[in-house]
Amino acid sequence: MAQFRGTLEGARGSASRLGHKGSGLVTTARGWDVGVRVEATHEDGRDVFRVWRDGGSNNGTRVQLLVEVRGAETASGEAVVIPGHIAERGE
């Protein structure tokens with residue numbers, strides 16, 4: 001059974017893809033000068049999503065981590081959002 005499900009809608013309709021704990025799921029959306037990449041992974045028994053900003057189709061090499069969202073790790077069962085966890089990496 002899939003751990004992750006990604007969907008998109010565009011000019012040619014809708015599509016979806018599945019990801020498993022081992023494969024994860026990566027999605028991107030880009031304009032000419034800015035874009036985002038969302039990575040879904042399964043780490044230490046919980047789902048983790050990272051949202052990265054990049055330079056878009058024109059310059060996708062500069063990448064900056066915008067936010068990380070971790071699945072339930074609190075007693076209340078709520079996800080933990082780590083904003084301002086800004087890091088840069090090259091791709």
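See the structure printed just above.
Residues numbered from 1 in each chain as written. Predicted model: local features only at pLDDT ≥ 70, side-chain atom pairs only at ≥ 80, totals over all residues. Heavy atoms only, no water.

Asks: Residues and numbers for the pairing of strand E4 (residues 35-43), please.
Replies: Sheet topology note: the strand E3 (residues 25-30)/E4 ladder contains six bridges and is antiparallel. Within E4, the position partnered with leucine 25 by the bridge is alanine 40. In this structure, the hairpin formed by E3 and E4 is closed by a connection of four residues. Looking at chain direction, E4 and strand E5 (residues 46-55) are connected through nine bridges and run antiparallel. Bridge pairing links histidine 42 to aspartate 47 in E5. Here E4 folds back onto E5 in antiparallel fashion, the turn holding two residues, of which aspartate 44 has a positive phi close to 50°. (Pairing = 2+ DSSP bridges. Helix = DSSP H or I, 4+ residues; strand = E, 2+ residues; numbered from the N terminus.)

Asks: Give a description of the environment of glycine 56 that names residues and reports values.
Replies: Considering the arrangement of structural elements, one finds glycine 56 in the loop between E5 and strand E6 (59-70). Considering only alpha carbons, one finds glycine 56 and threonine 28, 28 residues apart in sequence, at a separation of 9.7 Å.

Asks: Tell me about the side chain of glutamate 39, and please be specific about residues and values.
Replies: Looking at the element boundaries, glutamate 39 is found in strand E4. Within the structure, the side chain of glutamate 39 is placed 2.9 Å from the side chain of arginine 37, a separation counted as a polar contact. Here tryptophan 52 takes part through its side chain, which lies 3.2 Å from a polar atom of the side chain of glutamate 39. (Polar contact = N/O pair within 3.5 Å; in protein donor to acceptor, adjacent residues only side chain to side chain.)

Any functional reading would require information that these geometric values do not contain.
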